[in-house]
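Chain by chain, the residues run as shown.
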Amino acid sequence: MIKKNQRPIYLNIRTIRFPITAIASILHRISGILLFITIGPILWILKLSLSSSNEFCKIHRFLLMNHYIFQFIFWIVTILLSYHIVAGIRQILMDFGCLNQTLLIGKISAKVIFILTILLSIFIGILIWYPLNQS
């Protein structure tokens, strides 16, 4: 009698190919976690800036000294927010039955999420780096 090998199977995570629907779902969760982490420092800076005019001037000076870094951080946070909102709307539409929960609809809606997020990222980037009231 031959004994079967009871050792666990080695799975190489780097070789696993996730479907686009899984990627969209994982990114939705990651964007939510990152937004949760960034909301604390953003609210803390807002609280400081509203506490007194002196604190507001300090924060304003600090942000002006690191202008491009904070523009980039602001752009990344708005990309995270836009992706999370668009993916959340997709999920709500699927939960309420407005979108059929089939593999084809899931793939199409995931692609739409990525396309909308790219377009929103470009639009928001233009608004951040090339403001409309520029003289």
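Everything here concerns the structure above.
Residues numbered from 1 in each chain as written. Predicted model: local features only at pLDDT ≥ 70, side-chain atom pairs only at ≥ 80, totals over all residues. Heavy atoms only, no water.

Among the secondary structure elements, Thr78 is positioned in helix H3 (residues 67–95). The buried category is assigned to Thr78, whose relative accessible area is 15%. A C-alpha to C-alpha distance of 18 Å links Thr78 and Val112, two positions 34 residues apart in sequence. The contacts of Thr78, once residues within four sequence positions are left out, are Ile124 and Ile128. Looking at Thr78, its side chain comes within polar contact range of the main-chain oxygen of Trp75, at 2.8 Å. (Helix = DSSP H or I, 4+ residues; strand = E, 2+ residues; numbered from the N terminus. Buried < 20%, exposed > 50% of the residue type's maximum accessible area, 1.4 Å probe, protein only. Contact = heavy atoms within 4.5 Å. Polar contact = N/O pair within 3.5 Å; in protein donor to acceptor, adjacent residues only side chain to side chain.)

We now examine the packing of helix H1 (residues 20–51) against helix H2 (residues 53–65). Contact pair H1 / H2: the axes reach a minimum separation of 5 Å and the direction vectors enclose 130 degrees. Taken together, H1 and H2 sit at an angle that is classed as oblique. Residues Ile45, Leu48, Ser49 and Ser51 of H1 touch H2, and the partners they reach there are Glu55, Phe56 and Ile59. Here the contact of H1 with H2 is composed, by residue class, of four nonpolar, two polar and one charged. (Axes fitted to C-alpha atoms, helices over the stretch in contact; angles between N-to-C directions. Parallel < 35°, antiparallel > 145°, perpendicular 65-115°, else oblique. Nonpolar A, V, L, I, M, F, W, Y, C, P; charged D, E, K, R; others polar.)

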